[in-house]
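Close look at the chain arrangement
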There are 4 protein chains.
Amino acid sequence: MSAARRPRLRAPVFEVGLKGYVYGAEAVRLARAADRLGREHGVTVIFDPQAVDIAAVARATVDLLVFAQHMDPVPVGRGVGSVLPEALREAGAVGTLLNHSERRMTLGDISRAITRAHEVGLATLVFADAPEEAAAIAQLGPDIVLAEPPELIATSRSAGAEMRGFVERSIELVRRIDPEIIVMCGAGIATPDDVTQVMALGVGGTGSSSGILKAADPVAMMGAMLAATSHAWTEMQAPGAALSRGPKQ
Amino acid sequence: MSAARRPRLRAPVFEVGLKGYVYGAEAVRLARAADRLGREHGVTVIFDPQAVDIAAVARATVDLLVFAQHMDPVPVGRGVGSVLPEALREAGAVGTLLNHSERRMTLGDISRAITRAHEVGLATLVFADAPEEAAAIAQLGPDIVLAEPPELIATSRSAGAEMRGFVERSIELVRRIDPEIIVMCGAGIATPDDVTQVMALGVGGTGSSSGILKAADPVAMMGAMLAATSHAWTEMQAPGAALSRGPKQ
Amino acid sequence: MSAARRPRLRAPVFEVGLKGYVYGAEAVRLARAADRLGREHGVTVIFDPQAVDIAAVARATVDLLVFAQHMDPVPVGRGVGSVLPEALREAGAVGTLLNHSERRMTLGDISRAITRAHEVGLATLVFADAPEEAAAIAQLGPDIVLAEPPELIATSRSAGAEMRGFVERSIELVRRIDPEIIVMCGAGIATPDDVTQVMALGVGGTGSSSGILKAADPVAMMGAMLAATSHAWTEMQAPGAALSRGPKQ
Amino acid sequence: MSAARRPRLRAPVFEVGLKGYVYGAEAVRLARAADRLGREHGVTVIFDPQAVDIAAVARATVDLLVFAQHMDPVPVGRGVGSVLPEALREAGAVGTLLNHSERRMTLGDISRAITRAHEVGLATLVFADAPEEAAAIAQLGPDIVLAEPPELIATSRSAGAEMRGFVERSIELVRRIDPEIIVMCGAGIATPDDVTQVMALGVGGTGSSSGILKAADPVAMMGAMLAATSHAWTEMQAPGAALSRGPKQ
């Protein structure tokens, strides 16, 4: 099968991770805001609702990249409870997360899921929790690798302050394998300042989940984080500043 | 929390298991047909599409019981890639399968998932592959236990012919624990005759997946199987014939 | 196959859970002490080292019941990395833990593992974390069910003080299904007083892991806990006191 | 912690995979034969019994490299049913298999297990089922990568005949990342001819499980396969022939 066309991802990227915090009508409301804010700030927004909400979110938005939270490397056929690539695509998803720290996958399943996703035209954002894992994943041809130091996930400690070495090594190892892969870094992003700090390390994007969803005003927080992403990205693009940007634009 | 109201299930029940065979517009088309055929034959139809298709199937149908293929016993909050009970309910599902042979769960997760499902108003159909497992599950308070001899799953050998002892023992053990639980039996149901044979063993319902979805005309096959279910059920209700019927009607 | 003879378990029982705290020569030294102390106090001691240490522990002891920490329901043949029942038996194990909170199993695997264990002459101690799960497990025919409230596992809060209802309900549900099954209760046993309190709830035994292994003097702590077990058991056997004792003696 | 010394592996290597076919006294008998035959033919033999048999096999042999079938990336402490690196080492193992097709691991666990193994002085043989997976694993620093086309595992079709491209690509990708890593290839090795064919593709070793253990005379089959390994290796070492040999000797 020749691979279907999947969306071309363009840095800077910001992932809004819904997990199981928000669903249904509230997820759609947040998605519309994310869609608008992404356009305003010139940031590519990846938004990943519960699977049951993908179709509604996709219908309600224009530029938002609707991703599944997980996908299984299964063919059409058996597989009760699995998430079928073709079904995601038809429902309006344009990509999928893989190997998130709350949904680890075997190496073989990550490899096959990337292949299956690309076959049906879904982009892939694969999580790693060490620079060497980011390099391992880069060998499998994903669109984005998101490296998160596991000790910071779902905390609200500023990731940027603690992880310069972690991020720089992730970027270096992945770029050596394939400079087209966008390297993102997350974990512990709770404020716009956290975004600024992590973006300054040279990544192509970042993201937040509880930092947005547990904020007093999630839409305002999302707006402030997207503004910080855009601003930090522009700074990094100044001559001599850039590190990992993924595909040339 | 006081438990939300969940649908009261009434035998005979027939489960149309979509697995990953059919999705999107084709799943909706099949759902509409199942909805109509269930009414025509007086059979309760459980229909379980891919999670991404639940909302569309629920909107397109009236009496069909739309079930998820799997649900996780998670609370609102973290859990990337999990299937959140509240999200299923808001999308229009009225129940969920649990512990299917293609998606086995730990004992603790089955127990907690039944509790969580009932909290939010979702009915539960739990799979077992031995009479003793059916009894173990019955201790956890599900609405339906579906016992399948594993050697027959996804074959097309007539289940009814080979499993009288298996089914009768499942019914007896479950009824002793809670006669309100409906006992179903599946595995290997490929023709209307298979339906007739397994229903004659005294179960409250049966189901099919590849038997319908790989048939030359799935809707026609579904109609013939539902007719067989209805007919066999009526026969069993004759004085002195009945075994497991679940809740009194 | 007719089932091989497995050890007849006699209450009171105390489980010394080695987990990965202690191994090799140190595990053998502790096993010898446990063997001697069990005899001195008239308590059946279940001792479960790392699989690699089972043979050495079995050779070094006389009355100690050497259990595996886990066993897989596999037949002789394939299964890289699995723990084969026949291999455990030949190495000197007389039983196995199943479904510990750090090694959860699917319902089907628990069921098949109990069957396989009994086929080769291994006793089974199966963990549950709710009274209903204990009842579910009782349907599968284990020798012992050990119920642990998950919020207390590996804490040092006295289990006895917080869990009267939990334990009494577990005993009642299991006894109704099969009074020969011994009901144990653990979790959070850190001192001899904890042992006394939980035994007073009527269980047939208890156990400890980090409470012993992280004590300043593990052998002294084990001795004091076994003394408390023996004493509490004798108290409970006074006319009118008893609850769950497993097989009549 | 500075890493403990682990055995230096020298090609050609032959892995005798015991799985759950053979255990106890029979495993020890086979180990003694493998130890002697390895010396006779100048082949490094990796022998992986059930965990309970590791100590006995290590005591009974001299040059044989006794590997565990699986190891968990856990620290000393909790982890019921896990295989602790330190316990393996003290029992006499000098290495471990990881990620076998019958015991898949998450990417993160493979990465952490390699690190933990090397910390305690255990060598690592990691399985892959595609050339890209072999490359991903190579990023994590194992001693050996063994690539197996999954469609051939546990068959008796000659691997060599069907998989030239698969093997050559695995060797090329791994060598580019780290030429010190030995690349092996297995799956479907049922006869000495199969050994010859797969070794001729340039790998540093191969192995067999059911091909030996289900042979009429396992020791004779092992001898013939080791002879074939040695002979093929010598041929490949002729000027201009070599591909992947692992560490220079």
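Residues numbered from 1 in each chain as written. Chains lettered and ligands numbered in written order. Predicted model: local features only at pLDDT ≥ 70, side-chain atom pairs only at ≥ 80, totals over all residues. Heavy atoms only, no water.

1. Some thoughts on the overall build of chain A
- The helix and strand inventory of chain A stands at 10 helices and 8 strands.
- Buried residues in chain A amount to 67% of all 249 residues.
- Long-range pairs, those at least 24 residues apart, make up 70% of the contacts in chain A with a sequence separation of at least 6.
- For chain A, the accessible area works out to roughly 8,600 Å², and carbon and sulfur atoms hold 50% of it. (Helix = DSSP H or I, 4+ residues; strand = E, 2+ residues; numbered from the N terminus. Buried < 20%, exposed > 50% of the residue type's maximum accessible area, 1.4 Å probe, protein only. Contact = heavy atoms within 4.5 Å. Areas by Shrake-Rupley, 256 points an atom, 1.4 Å probe, with all protein chains shown as cover.)

2. Some details on the interface of chain B and chain A
- Chain B puts 34 residues into the contact, and the matching count from chain A is 34 residues.
- Summed over both partners, the interface of chain B with chain A buries about 2,900 Å², with 56% contributed by carbon and sulfur atoms.
- In this structure, the connection of chain B to chain A is made through 2 salt bridges.
- Between arginine 78 of chain A and glutamate 102 of chain B there is a salt bridge whose closest N-O contact spans 2.9 Å.
- Per-element accounting of the side of chain B that touches chain A gives the leading share, 5 residues, to helix α3 (residues 85-91) of chain B.
- Residues of the side of chain B that touches chain A, tallied by class, amount to 17 nonpolar, 10 polar and 7 charged. (Buried area = accessible area lost by both parts, 1.4 Å probe. Salt bridge = Lys/Arg side-chain N within 4 Å of Asp/Glu carboxyl O. Nonpolar A, V, L, I, M, F, W, Y, C, P; charged D, E, K, R; others polar.)

3. Description of the relation of the copies chain D and chain C
- Overlay of chain D on chain C (RMSD 0.0 Å): rotation 180°, translation along the axis 0.0 Å. Interpreted geometrically, this transformation is the action of a two-fold axis. Of every C-alpha in chain D, the one belonging to valine 52 of chain D sits nearest the axis of rotation, 2.3 Å from it.
- Here 100% of the interface residues in chain D have copies in chain C that are interface residues too; the copies meet face to matching face. (Least-squares fit on C-alpha atoms with pLDDT ≥ 70 in both.)

4. Focus on the packing of helix α5 (residues 131-138) of chain B against helix α4 (residues 107-120) of chain C
- The interhelical angle for the contact between α5 of chain B and α4 of chain C, taken along N-to-C directions, is 125°, at an axis separation of 10 Å. Between α5 of chain B and α4 of chain C, the crossing angle belongs to the class labelled oblique. α5 of chain B and α4 of chain C meet at a crossing whose hand is right-handed. Between α5 of chain B and α4 of chain C, the contacting residues are Glu133, Ala136 and Ile137 of chain B on the first element and Leu107, Gly108, Ser111 and Arg112 of chain C on the second. (Axes fitted to C-alpha atoms, helices over the stretch in contact; angles between N-to-C directions. Parallel < 35°, antiparallel > 145°, perpendicular 65-115°, else oblique. Left-handed = near helix turned anticlockwise from the far one by under 90°.)

5. With respect to helix α5 (residues 131-138) of chain C
- By the criterion of burial, α5 of chain C is predominantly enclosed, with 7 of the 8 residues buried.
- For α5 of chain C, the set of buried residues is Pro131, Glu133, Ala134, Ala135, Ala136, Ile137 and Ala138 of chain C.
- Its buried side turned inward, α5 of chain C meets α4 (107-120) and α5 of chain B together with β5 (123-128), β6 (144-147) and α7 (164-177) of chain C.

6. Here we look at the environment of aspartate 35 of chain B
- One can find aspartate 35 of chain B in helix α1 (residues 25-41).
- Measuring from C-alpha to C-alpha, the distance between aspartate 35 of chain B and isoleucine 46 of chain B comes to 9.4 Å, with 11 residues separating the pair along the chain.

7. Re the interface of chain D and chain C
- Taken together, the contact between chain D and chain C spans 34 residues of the former and 34 residues of the latter.
- Together chain D and chain C conceal approximately 2,900 Å² of surface at their shared face, both sides included; 56% is due to carbon and sulfur atoms.
- Taken together, chain D and chain C are joined by 2 salt bridges.
- Split into classes, the residues belonging to the side of chain D that touches chain C amount to 17 nonpolar, 10 polar and 7 charged.

8. Some details on the pattern of salt bridges
- One pass over the structure, following the stated rule, counts 64 salt bridges over all chains.
- Taking the shortest distance from any N to any O, the salt bridge between arginine 104 of chain A and aspartate 129 of chain A comes out at 2.3 Å. Linking arginine 104 of chain A in the loop between β4 (95-98) and α4 (107-120) with aspartate 129 of chain A in the loop between β5 (123-128) and α5 (131-138), this pair joins segments that are 25 residues apart in sequence.
- Classification of arginine 104 of chain A as partly exposed rests on a relative accessible area of 26%.
- Take aspartate 129 of chain A: its relative accessible area is 7%, and that puts it in the buried class.
- Ionic pairing is found between glutamate 172 of chain A and arginine 176 of chain A, a salt bridge with its closest N-O pair at 2.6 Å. One end of the pair, glutamate 172 of chain A, and the other, arginine 176 of chain A, are both in helix α7 (residues 164-177), 4 residues apart, so they sit about a helical turn from each other.
- For glutamate 172 of chain A, a relative accessible area of 40% translates into the label partly exposed.
- For arginine 176 of chain A, a relative accessible area of 59% translates into the label exposed.
- Here the salt bridges do not stand alone but share partners, grouping Arg104, Asp129 and Glu133 of chain A together with Asp109 and Arg112 of chain D into one network.

9. Looking at the relation of the copies chain B and chain A
- Superposing chain B onto chain A requires a rotation of 180° together with a translation of 0.0 Å along the rotation axis, leaving an RMSD of 0.0 Å.
- Take the interface residues of chain B: 100% of them recur as interface residues in chain A, which is what a same-surface contact looks like.

10. Thoughts on the pairing of strand β8 (residues 205-208) of chain A
All names here are of chain A.
- Burial along β8 is two-sided: the face carrying Gly205 and Gly207 and the face carrying Thr206 and Ser208 are both buried.
- Where strand β1 (residues 13-17) lies against β8, 4 bridges are found, and the strand directions are parallel. Across the sheet, the residue bridging to valine 16 is serine 208, located in β8. (Pairing = 2+ DSSP bridges.)

11. Digging into helix α1 (residues 25-41) of chain C
All names here are of chain C.
- Helix length check: α1 (17 residues) gives 25 Å between terminal C-alpha atoms against 24 Å at 1.5 Å per residue, within 8%.
- Turning to α1, its buried residues number three or more, namely Ala27, Val28, Leu30, Ala31, Ala33, Ala34, Asp35, Leu37 and Gly38.
- Looking at the buried positions of α1, the neighbouring elements they touch are β2 (44-48), α2 (54-60), α9 (210-213) and α10 (218-236).
- At the C-terminal side of α1, glycine 42 shows a positive phi close to 65°. (Expected span 1.5 Å × (residues − 1).)

12. Overview of the packing of α5 of chain B against helix α7 (residues 164-177) of chain B
Residue and element names in this part refer to chain B.
- Where α5 contacts α7, the axes come no closer than 8 Å and their chain directions differ by 20°. One way to sum up the angle between α5 and α7 is to call them roughly parallel. For the pair α5 and α7, the sense of crossing is right-handed. Of the residues in α7, those touching α5 at Pro131, Glu132, Ala134, Ala135 and Ala138 are Phe166, Arg169, Ser170, Leu173, Val174 and Ile177.
- When the residues that make up the contact of α5 with α7 are grouped by side-chain class, the tally is 8 nonpolar, 1 polar and 2 charged.

13. A look at unusual backbone geometry
- Across the junction of alanine 11 of chain A and proline 12 of chain A, the peptide omega takes the value 0°, indicating a cis bond.
- Residue placement: proline 12 of chain A occurs in the segment before β1.
- We note that lysine 19 of chain B has phi near 50°; this positive angle belongs to a residue other than glycine.
- By the secondary structure assignment, lysine 19 of chain B is in the loop between β1 (13-17) and α1.

14. Observations regarding the side chain of lysine 19 of chain D
- According to the relative accessible area criterion, lysine 19 of chain D is buried, its value standing at 7%.
- Within the local environment of lysine 19 of chain D, its side chain forms a polar contact with the side chain of glutamate 102 of chain D, the two groups lying 3.0 Å apart. (Polar contact = N/O pair within 3.5 Å; in protein donor to acceptor, adjacent residues only side chain to side chain.)

15. Concerning the pairing of strand β1 (residues 13-17) of chain C
All names here are of chain C.
- Within β1, 5 of the 5 residues are buried, leaving the element largely enclosed by the surrounding structure.
- Of the two faces of β1, the one holding Val13, Glu15 and Gly17 and the one holding Phe14 and Val16 are both buried throughout.
- Note: β1 against β2, 5 bridges, orientation parallel. Note that in β2 the partner of glycine 17 across the bridge is aspartate 48.
- Crossover β1 to β2 through α1 is right-handed. (Right-handed = clockwise from strand over helix to strand, strands pointing away.)

16. So, the environment of alanine 93 of chain C
Residues and elements named next belong to chain C.
- With respect to the element layout, alanine 93 can be found in the loop between α3 (85-91) and β4 (95-98).
- A C-alpha to C-alpha distance of 9.1 Å links alanine 93 and valine 57, two positions 36 residues apart in sequence.
- If we ignore the near neighbours within four places in the chain, the residues touching alanine 93 are Ile54, Val66, Leu88 and Leu122.

17. Let's talk about the environment of isoleucine 189 of chain C
Residues and elements named next belong to chain C.
- Here isoleucine 189 is to be found in the loop between β7 (182-185) and α8 (192-199).
- Among the residues examined, isoleucine 189 registers a relative accessible area of 5% and is labelled buried.
- Distance in space between the C-alpha atoms of isoleucine 189 and serine 208 is 5.6 Å, their sequence separation being 19 residues.

18. Some thoughts on the confidence of the model for chain A
- The predicted model of chain A averages 92 in pLDDT, with 90% of residues at 70 or higher.
- For this predicted complex, the interface confidence reaches an ipTM of 0.92, while the overall pTM sits at 0.94. (pLDDT = per-residue confidence, 0-100.)

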